[in-house]
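Observations on chain architecture
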Amino acid sequence: MKIISTTKAPAAIGPYSQAIRIGNLVYTSGQIPIDPTTGTFVEGGIKEQTRQSLTNIKAILEEAGLSMSNVVKTTVFMADMNDFADMNAVYAEFFSEPYPARSAVAVKTLPKGALVEIEVLAVHAE
């Protein structure tokens, strides 16, 4: 097991790691839209928050020697399912075919009042 950590993504705000690599699998913790340079949420709505969450994931994967093309499964948690189309439009900017499997669910609340939180499972091809 290897801990993955980078300053290019927000530091963990609790007792967890940004990501864990076990064998050829990398599991990221859920990423909310915190800008790692300021430590605060990005300004804007669901589109800006989705972009920052995925940018944070991209930075964590790069630290692990991976890219978004290594992602095989994503889970998207949203505060409001009415934001799905806007989230999906930004999400499509980060992935290309073959697309990873995905679950998208609405939840009552997210950490710090975020509109979106995203986690991924990526495969390290060896």
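Structure first, text after, so check above.
These remarks concern the structure in this document. All values derive from a computational prediction rather than experimental measurement.

What counts, and at which threshold
All residue numbers refer to position in the chain's written sequence, counted from 1. Side-chain atom pairs in this predicted model are given and counted only at pLDDT of 80 or more, local residue features only at pLDDT of at least 70, and totals for whole chains, interfaces and linings cover all residues. Note that the side-chain values use all heavy atoms of the structure and ignore hydrogens as well as water. Between any two strands, pairing holds if DSSP finds at least two bridges. Where helices and strands are cited, they refer to DSSP runs of H or I of at least four residues and of E of at least two residues respectively, numbered from the N terminus. Note on classification: 1.4 Å probe, protein chains only; a residue is buried when its accessible area is under 20% of the maximum for its type, exposed when over 50%, partly exposed between these limits. Arc definition: directions from the helix axis to the C-beta atoms. Two residues form a contact once any of their heavy atoms are found within 4.5 Å. Structural elements are reduced to axes, namely lines fitted to C-alpha atoms, with helices fitted over the stretch in contact, and the angle between N-to-C directions of any two is expressed from 0 to 180 degrees. Aromatic rings from Phe, Tyr and Trp, taking only the six-membered ring of Trp, are treated as a pair when their centres fall within 6.5 Å; an angle between ring planes under 30 degrees marks them as stacked, one over 60 as edge-to-face, and anything in between as tilted. Side-chain atoms alone can form a polar contact between residues adjacent in sequence; in general such a contact is a pair of N or O atoms within 3.5 Å, and within protein one must be able to donate a hydrogen while the other accepts it.

1. Quick notes on the pairing of strand S2 (residues 19-22)
In terms of strand pairing, strand S1 (residues 2-4) meets S2 through three bridges, oriented antiparallel. When the bridges of S2 are listed, lysine 2 appears paired with arginine 21. Pairing of S2 with strand S3 (residues 25-28), which is carried by four bridges, proceeds in the antiparallel orientation. In the sheet register, isoleucine 20 faces S3, and the bridge partner there is tyrosine 27. Connecting S2 to the next strand, S3, in antiparallel fashion are two residues, including glycine 23 with a positive phi near 60°.

2. Examining helix H2 (residues 84-94)
Along H2, the positions that sit buried rather than exposed are Met87, Val90, Tyr91 and Phe94. Buried positions in H2, seen along its axis, are confined to an arc of 105° and lie on one side of it. When the buried face of H2 is taken as reference, the exposed residues oriented beyond 90 degrees from it are Ala85 and Glu93. Summarising the contacts, the buried residues of H2 are in contact with helix H1 (46-63), strand S6 (71-78) and strand S7 (101-106).

3. A few points about the sheet that holds S7
Strand order in the open sheet made by the six strands is S1-S2-S3-S8-S6-S7, with mixed pairing throughout. Edge positions in the sheet fall to S1 and S7, since each has one partner strand and no second. Along the sheet, successive strands turn relative to each other by an average axial angle of 15°, direction set aside. Here H1 sits on the sheet in contact with S1, S2, S3, S6 and strand S8 (116-123), set at roughly 30° to S8.

4. Notes on the packing of aromatic side chains
This structure, assessed with the given rule, holds one aromatic pair. Ring centres 4.6 Å apart and planes at 35° place the aromatic pair tyrosine 91 and phenylalanine 95 in the tilted group. Like tyrosine 91, the residue phenylalanine 95 is buried in the burial classification.

5. Brief notes about the pairing of S3
Side-chain alternation along S3 places Val26 and Thr28 on a buried face and Leu25 and Tyr27 on a face that remains uncovered. Bridge count for S3 against S8 is three bridges, and the pairing is antiparallel. Paired with valine 26 across the two strands is alanine 122, which belongs to S8.

6. Things to note about the side chain of threonine 74
Positionally, threonine 74 belongs in strand S6. Given a relative accessible area of 0%, threonine 74 falls into the buried group. Of note is the side chain of threonine 74, whose polar atom sits 2.9 Å from the side chain of tyrosine 91. For threonine 74, the contacting residues outside a window of four places in its chain are Tyr91, Phe95, Pro100, Ala101, Arg102, Ser103, Glu119 and Val120.

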